[in-house]
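Residue-level listing of the chains:
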Amino acid sequence: MSRIDSKYQDAIGAGVIAASGIAVPGLFVPTLDMAGVGATWAVMIGAIAKKAGHDLSLTVTAKLAAAGVSAVSGYVLGSKLLTWAAAPLILAFPVAGVPAAVAVNATLNGLFTLRLGVACANKFSRPNFHAMDAMEFALDISGFLIKMPKKEELVLVKDLLAKF
C-alpha cells in the first residue's frame, strides 16, 4: 500500500486526522481513545462505502468499526501499558516525554485508521462487492491491522496529518 485512491483520499484523510487528534486526550483516558476511534472509523467506513456506491447500514458500519477496534485493542492496550510503565521517565523529563508519548499514540491511531480505510476502499471498490460481504470482511480485519508498520505507511500518515 503506497497510496490512497484519489476517490477515497478525503474520507481516509479526515479519518486519520480525527483519530490522531483523539490520541492526545486518549493517551490519558484510554477508553476515550478507543470510543473516539471507533466512532471515527464508523463515519469513515460509511463515507468510503458511499463513495464506492454502496449503502451500508449504520449497523454494518458500526460492526466493521467494532471489529477493527477489537482487533487493535490488545495492541493498543500493550502500547498504553508501555507508555504508563514509562511514566516515571515521562515525569522525570516531561518536556520530552509527554510529547513523545502523544506522538506515538497519535501515530498508532493514524496508522490503524489508514490501514482500515485503505482496506475498506479496496474491498468496497470490487465490482462484485455486496453489503453482505462486509460481515465476512469484519472477520478478516485483524489480519491487516496488526502488523509491523512499513515506512511508506508512516510517511503517508505524516503527509495526511501535515495537510491539517
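Given the structure is predicted, the values throughout are model-derived calculations rather than measurements. (Residues numbered from 1 in each chain as written. Predicted model: local features only at pLDDT ≥ 70, side-chain atom pairs only at ≥ 80, totals over all residues. Heavy atoms only, no water.)

Each helix and strand in the protein was counted, giving seven helices and zero strands. Looking at the protein residue by residue over its 164 residues, the buried ones come to 45%. (Helix = DSSP H or I, 4+ residues; strand = E, 2+ residues; numbered from the N terminus. Buried < 20%, exposed > 50% of the residue type's maximum accessible area, 1.4 Å probe, protein only.)

Attention now goes to the nonpolar core. One recurring pattern in soluble globular proteins is that nonpolar side chains are buried together. By size, the foremost hydrophobic cluster in this structure holds 42 residues, and its most contacted members are I12, W41, I48, L64, L114 and F124. Of all the elements in the fold, those that place two or more residues in this core are α1 (9-28), α2 (30-51), α3 (58-85), α5 (94-124), α6 (133-145) and α7 (151-162). Per-element accounting of this core gives the leading share, ten residues, to α5. (Core = buried A, V, L, I, M, F, W, Y, C linked by side-chain atoms within 4.5 Å.)

The subject of this paragraph is α2. The terminal C-alpha atoms of α2, which comprises 22 residues, lie 31 Å apart, in line with the 32 Å expected from a rise of 1.5 Å per residue. All of the buried residues in α2 are D33, M34, G36, V37, G38, T40, W41, A42, M44, I45, I48 and A49. One or two positions beyond α2, positive phi appears at G53, with a value near 90 degrees. (Expected span 1.5 Å × (residues − 1).)

Residues separated by three or four positions in an α-helix point in the same direction, a consequence of the helix having 3.6 residues per turn. For α7, with twelve residues, the first-to-last C-alpha span of 16 Å sits near the 16 Å given by 1.5 Å per residue. For α7, the full list of buried residues reads E153, L156, V157 and L160. Considered in projection along α7, the buried side chains sweep an arc of 100 degrees and stay on one side of the axis. Counted as exposed and oriented over 90 degrees from the buried face of α7: K151, K158 and A162. (Arc of directions from axis to C-beta.)

Take the pattern of salt bridges next. One pass over the structure, following the stated rule, counts two salt bridges. With a shortest N-O distance of 2.8 Å, E153 and R115 are connected by a salt bridge. One end of the pair, E153, is in helix α7; the other, R115, is in helix α5, and 38 residues separate them in sequence. With a relative accessible area of 3%, E153 lands in the buried category. (Salt bridge = Lys/Arg side-chain N within 4 Å of Asp/Glu carboxyl O.)

On the surface, F28, V29 and L32 cluster together into a nonpolar patch covering about 260 Å² of accessible area. Secondary-structure assignment places L32 in helix α2. Judged by its relative accessible area of 40%, L32 falls in the partly exposed class. (Patch = residues over 30% accessible without salt bridge, like charges linked within 9 Å, V, L, I, M, F, W, Y side chains within 5 Å. Areas by Shrake-Rupley, 256 points an atom, 1.4 Å probe, with all protein chains shown as cover.)

Okay, the confidence of the model for the protein next. For the protein, the average pLDDT comes to 78, and 78% of its residues sit at 70 or higher. Considering each helix and strand of the protein separately, the mean pLDDT is smallest for helix α4 (residues 87-92), with a value of 59, and largest for α1, with 88. (pLDDT = per-residue confidence, 0-100.)

Below, the discussion takes up the packing of aromatic side chains. In the structure shown here, the tally under the stated rule is one aromatic pair. Ring geometry for F124 against F129: centres 4.9 Å apart, planes inclined by 50 degrees, an arrangement best described as tilted. F124 gets classed as buried once you look at its relative accessible area, which sits at 1%. By relative accessible area, F129 is classed as buried at 3%. (Phe/Tyr/Trp six-rings, centres within 6.5 Å; stacked < 30°, edge-to-face > 60°.)

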